[in-house]
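# Commentary on secondary and tertiary structure
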Amino acid sequence: MTMNRVVRLKSRPVGMVKRDDFEIADEPLPEPGEGEFRVKVEYVSLDPAMRGWISPGKSYVPPVELGAVMRSFAAGIVDQSNHPDYKPGDAVAGMLGVQHYALSKGERCFKVDPSKAPLERWIGGLGMPGQTAYFGLLEIGTPQPGETVVVSAASGAVGSLVGQIARIKGARAVGIAGGPEKCRYVVEELGFDACVDYKGGNLAEELKAACPDGIDVYFENVGGEILDAVLARMNMFGRIPVCGLISAYNSTEPVPGPVNFRSILVNRLTVRGFIVFDFQDKMAEANEKLGTWHAEGKLKMREDVREGGVDAFPDVLNLLYTGGNLGKLVLKL
Ligand SMILES: NC(=O)c1ccc[n+]([C@@H]2O[C@H](COP(=O)([O-])OP(=O)(O)OC[C@H]3O[C@@H](n4cnc5c(N)ncnc54)[C@H](OP(=O)(O)O)[C@@H]3O)[C@@H](O)[C@H]2O)c1
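Just so it is clear, the model here is predicted, and its values are computed rather than measured.

What follows is about the site of the ligand. In the neighbourhood of the ligand, 28 residues make up the surrounding shell, with Lys182, Tyr198, Tyr249, Val276 and Asn325 lying closest. Taking Gly178, its main chain carries an N or O atom lying 2.8 Å from an oxygen atom of the ligand. Within the side chain of Lys182, a nitrogen or oxygen atom sits 2.6 Å from an oxygen atom of the ligand. Coverage of the ligand by the protein chains reaches 91% of its 900 Å² of free accessible surface. Of all the elements in the fold, those that place two or more residues in the shell around the ligand are helix H2 (128–141), helix H3 (157–168) and helix H9 (313–322). Here the shell around the ligand is built from residues that sort into 18 nonpolar, 9 polar and 1 charged. Each of domain 1 (3–124 + 302–332) and domain 2 (128–277) accounts for three or more of the residues forming the shell around the ligand.

One can find Asp47 in the loop between strand S3 (37–45) and helix H1 (50–53). Of note is the side chain of Asp47, whose polar atom sits 2.6 Å from the side chain of Ser45. Side-chain polar atoms of Asp47 contact the side chain of Lys328, separated by 3.1 Å. For Asp47, the residues in contact, after removing those within four places along its chain, are Phe73, Met128, Pro129, Leu317, Leu320, Tyr321 and Lys328.

Counting 102 residues, the largest nonpolar core has Ile165, Tyr218 and Phe313 as the members making the most contacts within it. If you tally residues by element for this core, the top one is H2, at 7 residues. Looking at which domains feed residues into this core, each of domain 1 (3–124 + 302–332) and domain 2 (128–277) gives three or more. Residues contacting Tyr218, with those up to four places away along its chain left out, are Val150, Val151, Ser152, Ile226, Leu227, Val230, Met234, Arg239, Ile240 and Pro241.

Two aromatic rings are characterised by how far apart their centres lie and by the angle between their planes. Inspection of the entire model under this criterion finds 7 aromatic pairs. Consider the rings of Tyr134 and Phe135, whose centres lie 5.3 Å apart with planes at 85°: the pair is edge-to-face. For the pair shown, Tyr134 and Phe135 are each scored as buried. Clustering of aromatic rings is evident, with ring pairs tying together Tyr134, Phe135, Phe219, Phe274, Phe279 and Trp293. The ring of Trp53 carries the charged tip of Arg71 above its face, separated from the ring centre by 5.4 Å.

Procedures and definitions
Residues numbered from 1 in each chain as written. Predicted model: local features only at pLDDT ≥ 70, side-chain atom pairs only at ≥ 80, totals over all residues. Heavy atoms only, no water. Near = heavy atom within 4 Å. Polar contact = N/O pair within 3.5 Å; in protein donor to acceptor, adjacent residues only side chain to side chain. Areas by Shrake-Rupley, 256 points an atom, 1.4 Å probe, with all protein chains shown as cover. Helix = DSSP H or I, 4+ residues; strand = E, 2+ residues; numbered from the N terminus. Nonpolar A, V, L, I, M, F, W, Y, C, P; charged D, E, K, R; others polar. Domains from an automatic or database assignment. Contact = heavy atoms within 4.5 Å. Core = buried A, V, L, I, M, F, W, Y, C linked by side-chain atoms within 4.5 Å. Buried < 20%, exposed > 50% of the residue type's maximum accessible area, 1.4 Å probe, protein only. Phe/Tyr/Trp six-rings, centres within 6.5 Å; stacked < 30°, edge-to-face > 60°. Lys NZ or Arg CZ within 6 Å of the ring centre and 35° of its normal.

In structure tokens:
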């Protein structure tokens, strides 16, 4: 008999997540009620924000309740439907949770076209991470031709697109990433102008060499020492879209603020945090642009697909916080 294997939150993690923080078990297959459809999930998205979703503190969404299915973006195929707009065989992506079968009423779920891109890409570069790069860079960073855009976590789901979109807009793109392999990928395969290896031990000097005219836009994904090194190189009236602060997501101690905070004053910087859903009313524009650039070969996207089903979820999630992924991290079910 087919069962649904489900990951539920058992306890709130301290530091990195552990297998014991989750209950992973077989449950009866859910049957779609009136107005619902069932999705056979094929790919689960692993996102850095998941660590925040299972923390108790105030955030932009309520935390996942203890005992609830772990929240996640996912993509799959409708296998049963009592919904007028969805039929068996439709490919969909949305908030489906870490489980093999999910019910949906169509809220926060949309149809995708697997003939245009593989299913997993609709939870990556053509999904939420792509939209994040698009809005954070273009609405807040507002790069101008000839300006220098720096992005951290440059080889990842969001960062890889930020630099490529910056180049489409005529700016210079400089990445910051961990290790020579990632930096080579960012420059040689994604086409950034330069990439600095922050693990090489010489971040400040290498950043200076890579950005001889200073930095106009810093797309912030990580925080910590990298933010401080960038603040020291910002140009007058620079912009800093604050997208993420991944270096602090597993901290068990209070995280100190930036040492170079003064740069914000002296250089009249604009620093603005954002969540991709802030731009909900412009989603169609982002999807159209990302889809067109992707079809034209101007945006390269890479998924890092891991096996192991939902049982592998805790270990695979931790790869994000140790830099173990190269590209958009997804779990294949
Ligand atoms: N605001 C929003 O709406 C929104 C939406 C989506 C994502 N985000 C944020 O965007 C950022 C990137 O997310 P993503 O999905 O694209 O993940 P990703 O970049 O594909 O993966 C995370 C990467 O972060 C880097 N990293 C991890 N720990 C680090 C540390 N201590 N110091 C420096 N770098 C570290 C690692 O790359 P290296 O090996 O290069 O260190 C790792 O591969 C995250 O901060 C995430 O929270 C925000």
